[in-house]
Structure formats: C-alpha cells, structure tokens
Amino acid sequence: MARARRVAGGGTAVEVAPERLAGWFTRFAERNDGVGTTELGEHEVRVFARNGVTATATVPFGPLAVTGRHEGLAVEPLVAHALVPRLLALLLVRLGGHSLGLARGGRVLVSRTDRHLVQGRTAAGGWSQQRFARRRAGQARVALRAAAQDAVEVLVPRLSEVDAVVLGGDRLALGELRADHRLHPLFARAEARVLDIPEPRRDLLDDAAGRAISVEVVLSGA
C-alpha cells in the first residue's frame, strides 16, 4: 500500500514502491477519466488526467534518460528507471541516536545503530536552566560525534560502490553532521529528499530501505 501524507500548499504525496508503480498509474488513469498527456522530465514526470487531476512524480536517483511530451499515459521510462537495482547508503540521524547502513533492493545488507541520552527541554529558568542547557548541548555533541564516527567507519569506505545516499531524520542534526569534513563526500552524494523518521531504530532502517527506493508522487488539482 502506498504511504500518503499532506503537502504544503495543498495536495497529497504518496510513496509508491517501484514494483507497484505501473499498476498505480494505471489505476490513477482509471479513477480520473483517463490521461491526456504525460510530460517526462529529467527530474519530474507529470501525468495530466482528463478530469483536471495531476500526478507529479519526483524521479529518484535522476536524471531520467528519456524525456519528452507524450499523448496518453507514458510512464514506462520512469518505471524502468525506478526498477534498476541500486546500492544505497542510508543515514538516519536525530539528536538521541542514529541508524545507518547499506541496502539494495529495499533490503539492509550492513548496518550500525546506536542511541545516546539527550535530555528534553525544561521550562525551569535562571542558573538551573543554563546548566541544563549546557548539559543538553554536551549530550547532543556526544551523540552527533558517535553518528559521524559510525558513518565514517561504515559508509564512507564504501562510497565508491554506492549508487546514491539517502538521508533521514532531523534536518538540524543532519546539518550539524555536514560540518564534519570527513563526511563531505557522503553528503555530496545525498538525494534532495530527506525521509521523515521519528526515531532512528534498527527496524526503522529496514523501513527506510524500502522507502528510499520508492517514487514520491504528488496528487493535485480537482
């Protein structure tokens, strides 16, 4: 089943597994009075239904080699592109932990997961608040250093084999890791999409491996 969420500005985004993509677009056409045109771009594929609904797919691991405007439903190049097996480096990070690894075809091959205590915020004021803030900042630094070290040991040495890098978790925490010069080659290969991960656990790394190869499609219009 496709994973769905609302997007800013209106519309619904769904994540569709590569093996389900052709059937998903066929059902989209059936539900919306057929398809008028399909626009294949290097980074986006837009399918215009006859009733005014538009399905815009972001090309994962682009660019798409075959582009152009076609009458009717013509998503075969996108489907073929999505089905290509790829070795992915996954890096999921939040302040309290991380999970990372290598995956192919939605299956994790190598992984490392760790958790660190980072205390939540407090409403207390004065010196107590300042001491708490310093302690929390120190805990966050320890957690992020551990995430960086694991990424250096597990992911960076395999970058020459990797087809793409997929990130997930907290953007602020990921931003902190970007400052580590040892990880510059890793972040240079990262896809623009960042997976929303509530907590970097090992089981969620398995889930992320499947989501990483899915195609995100945004439905909008009438």
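Values in this document were obtained by computation on a predicted structure and should not be read as measured data. (Residues numbered from 1 in each chain as written. Predicted model: local features only at pLDDT ≥ 70, side-chain atom pairs only at ≥ 80, totals over all residues. Heavy atoms only, no water.)

**Student:** Looking at this model, I keep getting lost on the sheet that holds strand β11 (residues 190-195). Mind explaining?
**Tutor:** Two strands in a sheet stick together by hydrogen bonds in their backbones, pointing the same way (parallel) or opposite ways (antiparallel). Here we have five strands laid out as an open sheet, ordered β9-β8-β7-β10-β11, and mixed in their pairing. Edge positions in the open sheet fall to β9 (107-115) and β11, since each of these has one partner strand only. Going across the sheet, the axis of each strand differs from the next one's by a mean of 15°, ignoring polarity. Pairing analysis gives eight bridges linking strand β7 (residues 87-94) to strand β8 (residues 97-104), with the strands arranged antiparallel. Bridging from a neighbouring strand, Leu92 pairs with Ser99 of β8. Contacting β7, β10 (164-169) and β11, helix α4 (residues 171-178) runs over the sheet at an angle of about 110° to β7. (Pairing = 2+ DSSP bridges. Helix = DSSP H or I, 4+ residues; strand = E, 2+ residues; numbered from the N terminus. Axes fitted to C-alpha atoms, helices over the stretch in contact; angles between N-to-C directions. Contact = heavy atoms within 4.5 Å.)

**Student:** I tried to follow the pairing of strand β3 (residues 35-40) on my own but got confused; where do I start?
**Tutor:** In the case of a regular strand, side chains alternate between the two sheet surfaces. Taken across its six residues, β3 has five buried, putting it largely inside the fold. Here β3 pairs with strand β4 (residues 44-49) via five bridges, running antiparallel. By the bridge assignment, Glu39 is partnered in β4 with Arg46. Here β3 folds back onto β4, and the loop between the two strands holds three residues. Relative to strand β6 (residues 68-71), β3 runs antiparallel, the two sharing four bridges. When the bridges of β6 are listed, Thr38 appears paired with His70. (Buried < 20%, exposed > 50% of the residue type's maximum accessible area, 1.4 Å probe, protein only.)

**Student:** Looking at this model, I keep getting lost on unusual backbone geometry. Mind explaining?
**Tutor:** Residues apart from glycine generally show negative phi values, whereas peptide bonds are mostly found in trans. Here the amide bond leading from Gly62 into Pro63 is cis, since omega sits at 10°, within 30 degrees of zero. Phi is positive for Phe61, which is not a glycine, with a value near 55°. Inspection of the secondary structure assignment puts Phe61 in the loop between β5 (54-58) and β6.

**Student:** Would you mind showing me how to read the packing of aromatic side chains here?
**Tutor:** One pair of aromatic rings is described through two measures. These are the centre distance and the angle between the planes. One pass over the full model with this rule turns up two aromatic pairs. Geometrically, the ring pair formed by Trp24 and Phe28 is stacked, given 5.8 Å between the ring centres and 10° between the ring planes. On the criterion of helical spacing, the pair formed by Trp24 and Phe28 is a turn pair, its members being four residues apart in helix α1 (residues 21-31). According to the relative accessible area criterion, Trp24 is buried, its value standing at 9%. For Phe28, a relative accessible area of 1% gives the class buried. The structure contains a cluster of three or more aromatic residues connected by ring pairs, namely Trp24, Phe25 and Phe28. (Phe/Tyr/Trp six-rings, centres within 6.5 Å; stacked < 30°, edge-to-face > 60°.)

**Student:** I'm lost on the pattern of salt bridges in this one. Help?
**Tutor:** Charged atoms that come close allow side chains of opposite charge to pair. The tally for this structure, following the rule as stated, stands at 14 salt bridges. When the shortest N-O distance is used, the salt bridge between Glu39 and Arg69 registers 2.3 Å. Highlighted residues: Glu39 in strand β3 and Arg69 in strand β6, separated in sequence by 30 residues. The residue Asp206 makes a salt bridge to Arg202 at a minimum N-O spacing of 2.7 Å. Taken together, the positions of Asp206 and Arg202, both in helix α6 (residues 202-212) and four residues apart, correspond to about one turn of that helix. The class of Asp206 is partly exposed, set by a relative accessible area of 37%. By relative accessible area, Arg202 is classed as partly exposed at 33%. Via salt bridges that share partners, Glu15, Arg193, Asp196 and Arg211 belong to a single interconnected network. (Salt bridge = Lys/Arg side-chain N within 4 Å of Asp/Glu carboxyl O.)

**Student:** Can you walk me through the nonpolar core in this structure?
**Tutor:** Across soluble globular proteins, nonpolar side chains have a tendency to be buried as a group. Membership of the largest hydrophobic core comes to 24 residues, with the highest contact counts inside it found for Leu91, Val93, Leu155, Leu177, Leu183 and Leu186. Of all elements in the fold, only β7, β8, α3 (126-154), β10, α4 and α5 (184-188) reach the threshold of two or more residues within this core. Residue contributions to this core peak at six residues, all from α3. Contact partners of Leu91, with chain neighbours within four places excluded, come to Ser99, Leu100, Ala151, Leu155, Val166, Leu167, Gly168, Leu174, Leu177, Leu186 and Phe187. (Core = buried A, V, L, I, M, F, W, Y, C linked by side-chain atoms within 4.5 Å.)

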